[in-house]
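Here is how the chains run, residue by residue.
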Amino acid sequence: EQEVSEYRKSLAIRVSGFDVPRPVKTFEDCGFAPELMRAIAKQGYEKPTTIQCQALPIVLSGRDVIGIAKTGSGKTASFVLPMIVHIMDQPELQKEEGPIGVICAPTRELAHQIFLEAKKFAKAYGIRASAVYGGMSKLDQFKELKAGCEIVVATPGRLIDMLKMKALTMTRATHLVLDEADRMFDLGFEPQIRSIVGQIRPDRQTLLFSATMPRKVEKLAREVLSDPIRVTVGEVGT
Ligand code: ADP
Ligand code: MG
C-alpha cells in the first residue's frame, strides 16, 4: 500500500473514495483480450498515459469515476477501452435494442473525435458505434440509430431529439460517460444532461470527466454518480 501511494505520488495522481484499485503500469496489467491489445498497439499506444494508469483499473472494476485531468491527457481511451470490455461482457448482445454505452460530449467536434477513437477499438469486435450531433440530417441519424448500435456518442441536444423521435431506447444502456462536463455546463446543457441521465437505469456505471470542477458540476456528480472514486492528475483549478 505504501508502494502504491508512492507510485501515485510519482505520477502526480490523487485519488479519493473507498477501496481504490491500484494503478496499472502497462496495458497488459488491465487484462485486455488479445484483439484489444492488438488494436491498442495499432494506435501506437505503447503504455497507458497517467490518467489511464489509474482510471482504467477503476473503470474496469465497475466503479463510478470522476476524472479530472487536463486536455490532451488521454481521457478518451480511459473510458472507451473499458466500455468495449463491458459490451463484450454482455451475455446476449442481440436480444435487446439500443446502445449499451452512451457518451455525451459538449460539441460536435468533440463527439466526432470520441466517435473516431471508439470506432478504432470497436471495429476489432464488430461493435457498432454511432455519432449523434447537430449539423447532420436528423432523418439519416434516425435511420442509422434504428439500424442499431452498441455505442452512441452524442451532443446532449441532439440525443434528446433522437430520444423524442424514438430513434433509440435506453433500456440496454448500462455505461454512461459525461465527457468535458464543465464545458457542457458552460454551453447550457445541464437540463438535457439531467434528462438523459434520468432515462438510463440507475444501476448503470457512470463516469464524469472534466478539466475543472465548478460547484454546479460537483453537485451533478454527487447526484448522478454512486460512491464515485475521484482521480485527479496534476494541478486543477475550480
Ligand atoms: P483528452 O480527452 O484528455 O483531452 P485524448 O483522449 O483526446 O485526451 O487524447 C489525446 C491524444 O493522445 C490523442 O491523440 C490520443 O490518440 C493520444 N493518446 C491517448 N492515449 C495514448 C497512449 N496511451 N499512448 C499514446 N498516445 C495516446
Ligand atoms: Mg477529451
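- The chain carries the name RNA helicase in an unreviewed UniProt entry, which gives Gossypium hirsutum as its organism.

### Structural notes on the overall build of the chain
Right, so step 1: Of regular secondary structure, the chain possesses 10 helices and eight strands.
Right, so step 2: Computed over the C-alpha atoms, the radius of gyration of the chain is 17 Å, within 12% of the 18 Å expected from 2.2 N^0.38 for a compact globule of 238 residues.
Right, so step 3: Along the longest, intermediate and shortest principal axes, the C-alpha atoms of the chain span 55 × 40 × 30 Å.
Right, so step 4: Within the chain, the fraction of its 238 residues that count as buried is 50%.
Right, so step 5: Working note: accessible area of the chain is about 11,400 Å², and carbon and sulfur atoms make up 51% of it.

### Focus: helix H5 (residues 108–122)
Right, so step 1: The end-to-end C-alpha distance of H5 is 20 Å, a good match for the 21 Å that 15 residues give at a rise of 1.5 Å each.
Right, so step 2: Taken residue by residue, H5 has Leu110, Ala111, Ile114, Phe115, Glu117, Ala118, Phe121 and Ala122 as its buried positions.
Right, so step 3: The elements touched by buried residues of H5 are helix H2 (34–42), helix H4 (75–88), strand S3 (101–104), strand S4 (129–132), strand S5 (151–154) and helix H8 (181–186).

### Section: the packing of helix H7 (residues 156–164) against helix H9 (residues 190–198)
Right, so step 1: At their nearest, the axes of H7 and H9 sit 9 Å apart, and the two run at 45° to each other. Between H7 and H9, the interaxial angle falls into the category oblique. Our pair here, H7 against H9, has a crossing hand that is left-handed. Touching Pro156, Gly157, Leu159 and Ile160 of H7 are Gln192, Ile193, Ser195 and Ile196, all from H9.
Right, so step 2: Residues of the contact of H7 with H9, tallied by class, amount to five nonpolar, three polar and no charged.

### Considerations on the environment of Gln113
Right, so step 1: Within the secondary structure, Gln113 sits in helix H5.
Right, so step 2: Taking relative accessible area as the criterion, Gln113 reaches 52% and is therefore assigned exposed.
Right, so step 3: The sequence separation of Gln113 and Val197 amounts to 84 residues, and the corresponding C-alpha distance is 22 Å.

### Quick look at the environment of Gln205
Right, so step 1: Along the polypeptide, Gln205 turns up in strand S7 (residues 205–210).
Right, so step 2: Classification of Gln205 as buried rests on a relative accessible area of 8%.
Right, so step 3: The residues contacting Gln205, other than those within four sequence positions of it, are Ile58, Val59, Gly62, Arg63, Asp64, Thr174, His175 and Leu176.
Right, so step 4: At a separation of 2.9 Å, a polar atom in the side chain of Gln205 contacts the main-chain carbonyl oxygen of Val59.
Right, so step 5: One polar contact links the side chain of Gln205 to the main-chain carbonyl oxygen of Arg63, over a distance of 2.7 Å.

### Looking at the site of ligand 1
Right, so step 1: Every one of the 14 residues lining ligand 1 counts as a neighbour, but Tyr45, Lys47, Gln52, Gly72 and Thr76 are closest to it.
Right, so step 2: Between Lys47 and ligand 1, the recorded distance is 2.9 Å, taken from a backbone N or O atom to a nitrogen atom.
Right, so step 3: Side-chain polar atom of Lys75 to an oxygen atom of ligand 1: 3.0 Å apart, as the coordinates give it.
Right, so step 4: For ligand 1, whose accessible area on its own is 570 Å², the fraction buried by protein is 69%.
Right, so step 5: The residue inventory of the shell around ligand 1, partitioned by class, reads three nonpolar, seven polar and four charged.

### A short note on the pattern of salt bridges
Right, so step 1: Under the counting rule described, the total for this entry stands at 11 salt bridges.
Right, so step 2: In this structure, Arg183 engages Glu180 in a salt bridge whose closest nitrogen and oxygen atoms are separated by 3.6 Å.
Right, so step 3: Two residues, Asp203 and Arg201, come together in a salt bridge whose shortest N-O distance is 2.8 Å.
Right, so step 4: Through salt bridges that share partners, Glu190, Arg194, Lys216, Lys219 and Glu223 make up one connected network.

### Some details on the sheet that holds strand S1 (residues 13–16)
Right, so step 1: The mixed open sheet is built from eight strands, whose spatial order is S1-S8-S2-S7-S6-S3-S5-S4. Because the sheet does not close on itself, it has two edges, and the strands there are S1 and S4. Going across the sheet, the axis of each strand differs from the next one's by a mean of 15°, ignoring polarity.
Right, so step 2: Here four bridges tie S4 to S5, and the two strands are oriented parallel to one another. Each bridged residue has a counterpart across the sheet, and for Ala129 the counterpart in S5 is Ile151.
Right, so step 3: Contacts from helix H3 (residues 50–60) reach S1, strand S2 (65–68), strand S6 (175–178), S7 and strand S8 (229–233), with the element oriented near 170° to S8.

Calculation rules
- Residues numbered from 1 in each chain as written.
- Chains lettered and ligands numbered in written order.
- Predicted model: local features only at pLDDT ≥ 70, side-chain atom pairs only at ≥ 80, totals over all residues.
- Heavy atoms only, no water.
- Helix = DSSP H or I, 4+ residues; strand = E, 2+ residues; numbered from the N terminus.
- Rg over C-alpha atoms; globule rule 2.2 N^0.38 Å.
- Buried < 20%, exposed > 50% of the residue type's maximum accessible area, 1.4 Å probe, protein only.
- Areas by Shrake-Rupley, 256 points an atom, 1.4 Å probe, with all protein chains shown as cover.
- Expected span 1.5 Å × (residues − 1).
- Contact = heavy atoms within 4.5 Å.
- Axes fitted to C-alpha atoms, helices over the stretch in contact; angles between N-to-C directions.
- Parallel < 35°, antiparallel > 145°, perpendicular 65-115°, else oblique.
- Left-handed = near helix turned anticlockwise from the far one by under 90°.
- Nonpolar A, V, L, I, M, F, W, Y, C, P; charged D, E, K, R; others polar.
- Polar contact = N/O pair within 3.5 Å; in protein donor to acceptor, adjacent residues only side chain to side chain.
- Near = heavy atom within 4 Å.
- Salt bridge = Lys/Arg side-chain N within 4 Å of Asp/Glu carboxyl O.
- Pairing = 2+ DSSP bridges.

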